[in-house]
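# Inside the fold
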Amino acid sequence: MTASTDAARIAATSRSVAGVLAEAAEARATVVLSGHVNPDADALGSTLALAEGLRRRGARVLPTFPGPLTLPASLGWMPGAEGLVPSTALPSSPDVFVSLDAASPGRLAELAGLLDAAGTSIVVDHHASNPGFGRVRLVDPGAPATVTLVADLLDDLGVALDSQLATCLYAGLAADTGSFRFGNTRPRTHELAARLLATGIDHAAISRRLFDTAPFGWLGLLSVVTGRAALEPEVGAGLVWTWSSTAEAAEHGLPGEQLEALVDVIRSAEEADVACVLKGQDDGSWSVSLRSRGGTDVARVAMALGGGGHTLAAGYSSHLDREGTIATLRDHLSAR
Ligand code: MN
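Residues numbered from 1 in each chain as written. Predicted model: local features only at pLDDT ≥ 70, side-chain atom pairs only at ≥ 80, totals over all residues. Heavy atoms only, no water.

What follows concerns the overall build of the protein chain. The secondary structure content of the protein chain amounts to 12 helices and 12 strands. Its C-alpha atoms give the protein chain a radius of gyration of 20 Å, near enough to 20 Å, the size a compact globule of 336 residues would have. The C-alpha extent of the protein chain, read off along each of the three principal axes, is 60 × 45 × 40 Å. Buried residues in the protein chain amount to 53% of all 336 residues. (Helix = DSSP H or I, 4+ residues; strand = E, 2+ residues; numbered from the N terminus. Rg over C-alpha atoms; globule rule 2.2 N^0.38 Å. Buried < 20%, exposed > 50% of the residue type's maximum accessible area, 1.4 Å probe, protein only.)

Next comes the structure, spelled out in structure tokens:
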């Protein structure tokens with residue numbers, strides 16, 4: 001669908017992408033903007049901030065994401081979320097389609113067709129595993145979050161940052177940098193954070209909603225899942241892993257997306273370079289989260305297994321059973 005040899009498909013600078021977007025806004029064009037399936041704070045914050053910026057410049061914007069339009073409580077509060085449009089209600093060939101924080105066309109699910117069906121398609125992303133897709137590409141694996149690329153675009157579009165935009169951008173920035181703890185945090189990252197805080201946003205409330213708020217049942221699930229964690233120091237540079245499932249989350253009164261936070265607890269085991277959580281899905285497949293302390297390129301492992309991500313945080317899906325899934329991962333980690 002997206003041959004990278006096609007000369008019409010280009011790697012772009014923020015300024016040239018902003019030029020394309022400014023022209024579209026000027027012409028009152030219809031712009032569909034989408035994050036990846038099961039959007040996180042970076043995907044959603046990027047989508048909502050760029051949509052609002054383009055709306056202010058005059059574009060007809062349709063922010064969306066693939067799948068049913070339901071957001072976890074940790075994200076549903078974001079300003080602009082109430083204006084999200086279901087993917088089923090989109091025009092089949094909008095003037096412009098912007099993909100945000102999606103590492104591959106597959107991450108756009110039913111919206112991937114818009115990459116070719118739209119008048120032009122723009123891919124804004126920061127995943128190391130991004131193969132290059134869409135007609136215009138603003139892909140920077142050195143960016144800590146897609147929201148930093150959106151902040152550049154808003155600057156180039158001449159859209160002033162206010163607290164509404166800054167709230168969306170800060171959510172993505174805090175989430176993808178692990179609250180500025182991860183190695184992807186740069187001096188520029190803090191400079192952007194300072195600009196965002198200067199708009200008067202309630203950053204403490206944003207962080208509390210994103211990271212520190214869960215139903216009481218979360219504590220029960222955590223005890224079960226951490227209690228069955230296994231340490232395998234002989235696998236690669238050391239592996240710690242555990243598993244759960246959407247069904248188990250439901251037993252604790254929790255939605256399936258609550259499983260996403262488990263890996264952040266599991267990865268604290270110092271004896272293991274790689275942390276892994278197998279998350280059983282409703283369809284019986286396993287969604288696999290990988291984190292590395294720095295000695296393992298988990299994006300490469302995930303890509304070899306059909307997924308993608310960042311050097312130190314990646315994931316993929318497995319249709320094997322639980323034992324087969326972890327055995328395959330052991331093989332890949334040991335073969336490094
Ligand atoms: Mn991201």
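Another point: the domain arrangement of the protein chain. Bring the parts together and some accessible area is lost; that lost area is often taken as the interface size. According to the domain assignment, the protein chain consists of domain 1 (3–211) and domain 2 (217–334). Taking only C-alpha atoms, the centre of domain 1 and the centre of domain 2 are 27 Å apart. Opposite the seven residues of domain 1 that make contact, domain 2 presents six residues. Buried surface at the junction of domain 1 and domain 2, both sides included, amounts to about 560 Å², of which 58% is carbon and sulfur. Applying the counting criterion to the domain 1 and domain 2 interface returns zero salt bridges. Across the domain 1-domain 2 interface, the total number found is three residue pairs in polar contact (both at pLDDT 80 or more). For the side of domain 1 that touches domain 2, a count of residues per class yields three nonpolar, three polar and one charged. (Domains from an automatic or database assignment. Contact = heavy atoms within 4.5 Å. Buried area = accessible area lost by both parts, 1.4 Å probe. Salt bridge = Lys/Arg side-chain N within 4 Å of Asp/Glu carboxyl O. Polar contact = N/O pair within 3.5 Å; in protein donor to acceptor, adjacent residues only side chain to side chain. Nonpolar A, V, L, I, M, F, W, Y, C, P; charged D, E, K, R; others polar.)

Time to look at the coordination of the manganese ion. Of the protein atoms, only D42 (OD), D101 (OD), H126 (NE2) and D176 (OD) coordinate the manganese ion, at distances of 2.1 to 2.3 Å. Each donor residue of the manganese ion lies on one chain, and together they are spaced D-x58-D-x24-H-x49-D. In this pair, D42 is assigned in helix 2 (residues 41–56) and H126 in the loop between strand 5 (120–125) and strand 6 (136–139), connecting sequence segments 84 residues apart. For the residue pair D42 and H126, the accessibility class agrees, reading buried in each case. (Donors = N, O, S within 2.8 Å, 3.2 Å for Na, K, Ca; no water.)

We now examine helix 12 (residues 322–334). The end-to-end C-alpha distance of helix 12 is 18 Å, a good match for the 18 Å that 13 residues give at a rise of 1.5 Å each. Taken together, the buried positions of helix 12 are occupied by G324, T325, I326, L329 and L333. (Expected span 1.5 Å × (residues − 1).)

Residues L21, L50 and V98 are the most contacted members of the largest nonpolar core, which totals 58 residues. Excluding residues within four positions of it along the chain, V98 makes contact with L21, V31, V32, L33, S34, L50, I122 and V124. Residues L278, V288, L305 and A314 belong to the second largest nonpolar core, which totals 19 residues. (Core = buried A, V, L, I, M, F, W, Y, C linked by side-chain atoms within 4.5 Å.)

A word on the sheet that holds strand 9 (residues 274–280). Spatial ordering of the open sheet is given by 7-8-9-10-12-11, a layout of six strands whose pairing is mixed. Edge positions in the sheet fall to strand 7 (230–232) and strand 11 (308–309), since each has one partner strand and no second. In terms of strand pairing, strand 8 (residues 239–245) meets strand 9 through seven bridges, oriented parallel. Paired with L239 across the two strands is V274, which belongs to strand 9. Relative to strand 8, helix 12 is tilted by about 155°, and along the sheet it contacts strand 7, strand 8, strand 9, strand 10 (286–292) and strand 12 (313–318). (Pairing = 2+ DSSP bridges. Axes fitted to C-alpha atoms, helices over the stretch in contact; angles between N-to-C directions.)

Before going further, it helps to examine the packing of helix 1 (residues 14–26) against helix 4 (residues 146–156). At a closest axis distance of 9 Å, the pairing of helix 1 and helix 4 adopts a crossing angle of 60°. By the angle class used here, helix 1 and helix 4 are oblique. You can see that helix 1 and helix 4 cross each other, and the crossing is right-handed. Residues S14, R15, V17, A18 and L21 of helix 1 touch helix 4, and the partners they reach there are D152, L153 and D156. When the residues that make up the contact of helix 1 with helix 4 are grouped by side-chain class, the tally is four nonpolar, one polar and three charged. (Parallel < 35°, antiparallel > 145°, perpendicular 65-115°, else oblique. Left-handed = near helix turned anticlockwise from the far one by under 90°.)

Closest axis-to-axis distance for the helix 2/helix 4 pair is 8 Å, and the angle between their directions is 10°. The angle between helix 2 and helix 4 places the two elements in the roughly parallel class. Packed against helix 2, whose contacting residues are D42, G45, S46, A49, L50 and G53, the element helix 4 presents T146, V147, V150, L153 and L154 at the interface. Considering only residue class, the contact of helix 2 with helix 4 consists of six nonpolar, four polar and one charged.

Further remarks concern unusual backbone geometry. The phi dihedral of N38 falls on the positive side, at around 50°, and the residue is not glycine. As for its position among the elements, N38 is in the loop between strand 2 (30–34) and helix 2. A positive phi angle is found at S179, which is not glycine, with a value near 55°. For S179, the position within the fold is in the loop between helix 5 (163–176) and helix 6 (187–197). What makes S179 partly exposed here is its relative accessible area of 32%.

Below, the discussion takes up the packing of aromatic side chains. Going through the model one piece at a time under the given rule, you end up with two aromatic pairs. Centre to centre, the rings of Y170 and F180 are 6.0 Å apart; their planes meet at 50°, and the pair counts as tilted. Pair noted here: Y170 is in helix 5 and F180 is in the loop between helix 5 and helix 6, with a separation of 10 residues, a long-range link. Comparing Y170 with F180 shows no difference in burial state: the two are buried. (Phe/Tyr/Trp six-rings, centres within 6.5 Å; stacked < 30°, edge-to-face > 60°.)

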